[in-house]
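Breakdown of the fold
Residue strings, one per chain:
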Amino acid sequence: MSSSTPDGTITSAVITVSDSCASGERTDLSGPAVADALRKRNFSVIGTEVVPDEQTAIQNALAYWAQEARFVVTTGGTGIATRDVTPEATLAVCDRLLEGVAERMRFEGAKKTPFAALSRGVCGLRGQTIILNLPGSPTGAVESLEVVVDLLPHAVQLLSGNTKHD
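Residues numbered from 1 in each chain as written. Predicted model: local features only at pLDDT ≥ 70, side-chain atom pairs only at ≥ 80, totals over all residues. Heavy atoms only, no water.

Some remarks on the environment of Cys123
- Here Cys123 is to be found in strand S5 (residues 123-126).
- Sequence-wise, Cys123 and Leu134 are eleven residues apart; in three dimensions their C-alpha atoms are separated by 9.2 Å.
- Look past the residues within four positions of Cys123 in its chain and what remains in contact with it is Leu97, Leu98, Val101, Ala102, Ile130, Ile131 and Leu132. (Helix = DSSP H or I, 4+ residues; strand = E, 2+ residues; numbered from the N terminus. Contact = heavy atoms within 4.5 Å.)

Focus on helix H3 (residues 55-68)
- Look at H3: 20 Å from first C-alpha to last across 14 residues, which is about the 20 Å you get at 1.5 Å a residue.
- Taken residue by residue, H3 has Ile58, Ala61, Leu62, Ala63, Trp65 and Ala66 as its buried positions.
- Buried positions along H3 lie against strand S1 (11-17), strand S2 (44-51), strand S3 (71-75), helix H4 (86-93), S5 and strand S6 (129-134). (Expected span 1.5 Å × (residues − 1). Buried < 20%, exposed > 50% of the residue type's maximum accessible area, 1.4 Å probe, protein only.)

Some points on the sheet that holds S3
- Sheet architecture is open: six strands sit in the order S2-S1-S3-S6-S5-S4, paired in mixed fashion. Edge strands, defined here as strands with exactly one partner in the open sheet, are S2 and strand S4 (96-97).
- Where S1 and S3 come together, five bridges link them in parallel fashion. Among the inter-strand pairings, Ser12 is bridged to a residue of S3, identified as Phe71.
- Here helix H5 (residues 99-109) sits on the sheet and contacts S4, S5 and S6; the angle it forms with S6, its principal contact strand, is near 25 degrees. (Pairing = 2+ DSSP bridges. Axes fitted to C-alpha atoms, helices over the stretch in contact; angles between N-to-C directions.)

Brief notes about the side chain of Asp84
- Looking at the secondary structure, you find Asp84 in the loop between S3 and H4.
- With no salt bridge to any partner, buried Asp84 finds its closest opposite charge in Arg120, at an N-O distance of 6.1 Å.
- Beyond its immediate sequence surroundings of up to four residues, Asp84 is in contact with Asp53, Gly77, Thr78, Gly79 and Arg120. (Lys, Arg positive; Asp, Glu negative; His and termini not counted. Salt bridge = Lys/Arg side-chain N within 4 Å of Asp/Glu carboxyl O.)

Quick word on the packing of aromatic side chains
- One pass over the structure, following the stated rule, counts two aromatic pairs.
- With a centroid separation of 5.9 Å and 50 degrees between ring planes, the pair formed by Phe43 and Phe71 is classed as tilted. Here the residue Phe43 occupies a position in the loop between helix H2 (30-40) and S2, and Phe71 occupies one in strand S3, the gap between them amounting to 28 residues. Like Phe43, the residue Phe71 is buried in the burial classification.
- With a centroid separation of 4.8 Å and 80 degrees between ring planes, the pair formed by Tyr64 and Trp65 is classed as edge-to-face.
- Taking the relative accessible area as the measure of exposure, Trp65 reaches 10% and is therefore buried. (Phe/Tyr/Trp six-rings, centres within 6.5 Å; stacked < 30°, edge-to-face > 60°.)

Spelled out as structure tokens, the structure:
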């Protein structure tokens, strides 16, 4: 796995978690919106995938993309509905958590909607890869990403062993 492409951008993958998108009943809007937002911030999106709201399918996708990219983001499955199991799948594959990242997303999200408090999304580490759960709506996903995206290059540097402080 490479932390960056030859031009220095961070490799990333986007996983959409949605039963209706996975079955073809609905077009995925959140995944492409997140991928576009990442590209605008100079991340290299090396892959996208759509999986159903099934913990095993989510875990398998996370484990695969964590071997390929330094930043893996999910959109969908972070609420409180019965089939919303993205946080559980993420916890199952992560070695450590970055609680402050998810806390920051909820804090900033609460400024726009009180429903941000119902998000159960997490952020964690699998080896040297950061995994971040975003909400399922295109607007909520992009807005949540935007409040934490500036933290990611430094986090990737730290995970790569660059711990020098100036």
